[in-house]
Amino acid sequence: MRRLPALLIGAVTATTALVTTAFLMADHIDLSSFAARRLAAATGRAAHIGSLRVTPGRWITVELSDVHLANVTGGSRPDMITLEHLHTQIRLMSLLHGPVETRDLVLTGFSGLFERTPDRRPNWRFGPPVAKPAAPASAAPAPADQSWFPGLRQATIRGSEVIYRTARGHTYRAGLDNIVFSSVSDSSPFLMTVNGAYNTTPVAITAKMQPISMLRQAGKPYGASIHASSGDLTLDLESTITDLFDFDGVAGKLVLRTPTSAPLMAFAGMPASDFVMTLGLDGHFVHQGNVWSLDHTTGRFGENPITNADVVFTEGASGKPDRITGNVSFASLDLNRLTGGSGSTSQKQTDIPLDVPARPDPLIDVQLGAREVRYNALTFSDASVALSQTPNRIDVKSLSFGWLGAHLHASGSLLSAAEGARARAAVDVTGADIDRFRRQAGLAAIPISGALSFRAAAEANDVRTLNQAVQVADLTAAVGMNNGAISRKVIAMASTDVSLLVRRVTGTAPVSCLLGVMTLHHGSGTVVPLRISSAAGSVIGAAIFDLNRKWFDLAFQSRAPGLFALDVPIRVSGSFSNPGFGLAGWSEKGRGLLKSARAISVLPPEIESFTPGKACLRVTF
């Protein structure tokens, strides 16, 4: 609806030349044939005017009816423009010295179709194509001449519409039920009220603008105060505009409020029930050429406070996709509410679809951040993500957050696949406190303390959601620690120290290295090798586990100083929360785990640069 003023002015200008020619002619002469020929000659299209009558006087009265201007060949309907009736009065003296002054202008039943044919030819270009000389690269486009803008004392558009149709057949309709422009004089405020619809969604707009005399000054900022509403949505814009007809050169304060986002969903052609969310934005809005931006913006997205947002939308060139860039920061972000999940394990969990469009429009390159993020039952801190969307690909350039005192840094990509998406990810975790993570995972107490580091390379094929990818991913990972502590009693027990029968061992021993290498496939995996070296002794081991069943099987062997340390291999197996103990040498599975624990002395290629705990690779028995 941004060109509504131009439509009205076009109607006035089109009649002005006819009125000048017809003024000296007698009253009640029908000029329709003459006007139709002039219109056809000017546009190169077939034209029909049912009636055109001009009545002379100090205020010349013009009555125009039944106007048709043909569409281009290949258009979606025969006529580009139709008009039922136009009535206006034009002050005689304004025709002599200008600008034209009108009053009581009423335009009824206007229908304008602006479209691109399947070969992308615009129907609003009249006559044969004319090659324009290329302007110097440094030359800025000259501002449009607006000195001709007529004085509108009262102008009304009723029962009209403007339709835009893309080359792909998408149709956007602006219904103009009742639009009124008014001004007392060219030096008084210029007012506009609009009651209409975008597609089928009602829209109301009121605007108080600076005088028309200022509008005629091309290229100079023109003040406008605009209020728009649709359903529960309100938008206020206090701005200046350098090109009112194209709504271009706009800069000003924007305030948007909607308790449900239902009107926004309707504008997008989607059911309101698909997304119900409060939205409030306060920011600085700019539109210049193909670029629309909102910067220094605060507000609220649902229950999530927006602390700052700078977003730029760039319209794509002919046949090219649009582009969205920028960054948005939240004080907190609850993904459970945004995606419809509950955050409770007893109900439906939150999940994120992994859709990778082949031809995305718009392209996306954004950064998001939040001091706190909730996802299912987890709470993360200081989260940030930089992501981009291009054809057949989504890249997470960086992802970082804190969780349970640890810091995670990751990157990854999604590629389109025949069945869903192909996901790749690399993850680094530092400062993961063993006891805090043990409690989060529901494990029994672990007699070792310290901060772990973690590195992983993961991939999942033919997945459709994030939770599915986590469940079926193939993972290669290493867990390491260079400094920590382990219970001396555990080392004594691991070494089957018989002196425990007659003495009590207390305290902890420093850990010089800890290393575990894990592989995971569809929730089941291995940890091999698993090695710990401490002042009280060393332990090597191997394990298999199933995250879905919360079950594991671990075999280990120790080497500890002391006369009474028998170093008998031990096996621990069962549920994460209640494991059982036995001798590894008494079972084929236990002996096999120990054999694999002794064999590995290098890291897998995917994580070979991982250094924490790497000294444990030199621990051999």
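Here, residues in each chain are numbered from 1, in the same order as that chain's written sequence. Local features in this predicted model are restricted to residues of pLDDT 70 or higher, and side-chain atom pairs are both shown and tallied only at a pLDDT of 80 or more, whereas totals for entire chains, interfaces and linings draw on every residue. Excluding hydrogens and water, the side-chain figures rest on all heavy atoms present in the structure.

1. Quick look at the overall build of the protein
Counting secondary structure elements, the protein contains 10 helices and 31 strands. Residue burial is assigned from relative accessible area. The probe radius is 1.4 Å, only protein chains are included, and a residue is buried under 20% of its type maximum, exposed over 50%, and partly exposed in between. In the protein, buried positions account for 43% of the 621 residues. In this description, contact between two residues means that some pair of their heavy atoms is separated by no more than 4.5 Å. Of all intrachain contacts in the protein linking residues separated by at least 6 positions in sequence, the fraction that spans at least 24 positions is 51%. Secondary structure follows DSSP: runs of H or I at least 4 residues long count as helices, runs of E at least 2 residues long count as strands, and numbering of each begins at the N terminus.

2. Considerations on empty space enclosed by the protein
With a probe scaled to a water molecule rolled over the atoms, the places where space remains empty come into view. Of the two site types, the cavity is a set of points on a 1 Å grid over the protein atoms alone where a 1.4 Å probe fits but cannot get out, and the pocket is an open set with protein on both sides within 12 Å along at least five of seven lines, each lined by residues with an atom within 4 Å of a point. Grid points are joined across faces, edges and corners, and a volume is the space filled by probe spheres set on the points. One pass over the full model with this rule turns up 2 cavities of 30 Å³ or more. Of the voids in this model, the second largest cavity is the one considered here, and its volume is about 30 Å³. Along its surface, the second largest cavity is lined by Gln-146, Met-214, Leu-215, Gln-217, Lys-220, Tyr-222, Ile-241, Thr-242, Asp-243 and Leu-244. Under this grouping Gly is polar, as are all residues other than the nonpolar Ala, Val, Leu, Ile, Met, Phe, Trp, Tyr, Cys and Pro and the charged Asp, Glu, Lys and Arg. Across the lining of the second largest cavity, the residue classes tally to 5 nonpolar, 3 polar and 2 charged.

3. Quick look at unusual backbone geometry
Of note, the amide linkage connecting Gly-98 to Pro-99 takes the cis form, showing an omega dihedral of -10°. In the segment running from Asp-361 into Pro-362, the intervening peptide bond is cis, with an omega of 15°. The backbone of Asn-199 shows a phi angle near 55°, a positive value even though the residue is not glycine. Even without a glycine there, the phi angle at Asp-462 is positive, about 55°. Mapped onto the fold, Asp-462 is located in strand β23 (residues 448-463).

4. Description of the pairing of strand β19 (residues 378-390)
In this analysis, strands are considered paired if DSSP registers two or more bridges between them. Of the strand pairs in this sheet, strand β18 (residues 363-375) and β19 are connected by 11 bridges, and their pairing is antiparallel. Along β19, the bridge assignment pairs Ile-364 with Gln-389. With antiparallel pairing between neighbouring strands as the criterion, β18 and β19 make up a hairpin whose turn holds 2 residues, including Asn-376 at a positive phi of roughly 55°.

5. Here we look at the nonpolar core
By size, the foremost hydrophobic cluster in this structure holds 101 residues, and its most contacted members are Phe-181, Phe-190 and Met-209. Those residues in contact with Met-209 that sit more than four places away from it in its chain are Pro-189, Phe-190, Met-192, Tyr-222, Gly-223, Ala-224 and Leu-244. Throughout, nonpolar core names a set of buried Ala, Val, Leu, Ile, Met, Phe, Trp, Tyr and Cys residues whose side chains join them through atoms within 4.5 Å. Core analysis: the second largest hydrophobic core is formed by 10 residues, Leu-414, Ala-421, Ala-460 and Ala-473 among them.

6. Thoughts on a nonpolar patch on the surface
Each patch is assembled from residues with relative accessible area greater than 30% and no salt bridge, linking like charges that lie within 9 Å and nonpolar side chains (Val, Leu, Ile, Met, Phe, Trp, Tyr) that lie within 5 Å. Note that accessible areas follow from Shrake-Rupley with a 1.4 Å probe, and for residues the cover is restricted to the protein chains shown. Note on definitions: salt bridges are taken to be side-chain nitrogens of Lys or Arg within 4 Å of carboxyl oxygens of Asp or Glu. Together, Trp-124, Tyr-164 and Tyr-172 make up an exposed nonpolar region whose accessible area comes to about 270 Å². With respect to the helices, strands and loops of the structure, Tyr-164 is situated in strand β6 (residues 154-165). Judged by relative accessible area, which is 33%, Tyr-164 ranks as partly exposed.

7. Considerations on the state of the cysteines
Counting rule for disulfides: a pair of cysteine sulfur atoms within 2.5 Å. Taken as a whole and assessed by the stated rule, the structure comprises 1 disulfide. The disulfide partner of Cys-513 is Cys-616, and the gap between their sulfur atoms is 2.0 Å. With the S-S bond torsion at 100°, the cross-link from Cys-513 to Cys-616 turns out right-handed. Residue Cys-513 is found in strand β26 (residues 508-521), and its partner Cys-616 is found in the segment after α10 (588-599); the two are separated by 103 residues along the sequence. Each member of the pair Cys-513 and Cys-616 is classed as buried.

8. Some thoughts on the pattern of salt bridges
Applying the stated criterion across every chain yields a total of 16 salt bridges. Among the salt bridges present, the one from Arg-393 reaches Asp-395, with a minimum N-O distance of 2.7 Å. Arg-393 gets classed as partly exposed once you look at its relative accessible area, which sits at 32%. The salt bridge partner of Asp-435 is Arg-438, with a shortest N-O separation of 2.7 Å. On the criterion of helical spacing, the pair formed by Asp-435 and Arg-438 is a turn pair, its members being 3 residues apart in helix α7 (residues 434-441).

9. Focus: the side chain of Thr-82
Looking at where Thr-82 falls in the secondary structure, it is placed in strand β3 (residues 79-91). Not counting the four nearest positions on each side in its chain, Thr-82 is found in contact with Val-67, His-68, Gly-109, Phe-110 and Ser-111.

10. Description of the environment of Gly-316
Within the secondary structure layout, Gly-316 lies in the loop between β15 (304-314) and β16 (323-330). With 26 residues separating them along the chain, Gly-316 and Asn-290 place their C-alpha atoms 7.7 Å apart.

11. As for the environment of Ala-251
Checked against the element boundaries, Ala-251 lands in strand β12 (residues 250-258). Overall, Ala-251 belongs to the partly exposed group, its relative accessible area being 30%. Here Ala-251 is in contact with Glu-238, Ser-239, Thr-240, His-284, Phe-285 and Val-286, once residues within four sequence places are set aside.

12. Thoughts on α10
Quick reminder: α-helices carry 3.6 residues per turn. Residues three or four places apart thus point the same way. Helix length check: α10, at 12 residues, gives a terminal C-alpha distance of 17 Å against a target of 16 Å (1.5 Å per residue), a fit within 8%. Of all the positions in α10, only Gly-590, Leu-593, Leu-594 and Ala-597 are classed as buried. Angularly, the buried residues of α10 cover 95° about the axis, an arc narrow enough to put them on a single face. Away from its buried face by more than 90 degrees, α10 exposes Glu-588, Lys-595 and Ala-599. On its buried face, α10 is in contact with β27 (524-534), β28 (537-546) and β29 (551-559). Between the first and last residue of a helix there are one fewer steps than residues, each counted as 1.5 Å, and that sum is the expected span. Working note: the arc is built from the helix axis to C-beta atom directions.

13. Regarding helix α2 (residues 32-43)
The first and last C-alpha atoms of α2 sit 16 Å apart over 12 residues, in line with the 16 Å expected at 1.5 Å per residue. All of the buried residues along α2 are Ser-32, Ala-35, Ala-36 and Thr-43. When α2 is viewed along its axis, its buried side chains cluster within an angular range of 100° and face the same direction. Facing away from the buried side of α2, by more than 90 degrees, are the exposed residues Arg-37 and Ala-41. Gly-44, located one to two residues past α2, shows a positive phi value of around 75°.

14. A word on the packing of aromatic side chains
Pairing of aromatic rings covers Phe, Tyr and the six-membered ring of Trp, with a centre-to-centre limit of 6.5 Å; geometry is then stacked below 30 degrees between planes, edge-to-face above 60, and tilted otherwise. Overall, the coordinates contain 13 aromatic pairs when judged by the stated rule. Their ring planes at 45° and their centres at 6.5 Å tell us that Trp-124 and Tyr-164 sit as a pair that is tilted. Here Trp-124, found in the loop between β4 (101-115) and β5 (151-152), pairs with Tyr-164, found in strand β6; they are 40 residues apart in sequence, far enough to count as distant. Seen from their ring centres, Phe-380 and Phe-401 are 4.4 Å apart, and the 45° between their planes marks the pair as tilted. With Phe-380 in strand β19 and Phe-401 in strand β20 (residues 393-403), this residue pair connects regions lying 21 residues apart in the sequence. Classification of Phe-380 by relative accessible area gives buried; the value is 12%. On the basis of relative accessible area, Phe-401 is assigned to the buried category, the value being 15%. Counting every residue linked through ring pairs, the aromatic cluster contains Trp-148, Phe-149, Phe-181 and Phe-190.

15. Side note on the pairing of strand β11 (residues 233-241)
The sheet contact formed by strand β10 (residues 222-230) and β11 spans 9 bridges and is antiparallel. The partner of His-227 across the bridge, within β11, is Asp-236. Between β10 and β11, which follow one another and run antiparallel, lie 2 residues, and Gly-231 among them has a positive phi close to 60°. Direction of pairing for β11 relative to β12: antiparallel, over a ladder of 7 bridges. Residue pairing in the sheet places Leu-235 in a bridge with Leu-256 of β12.

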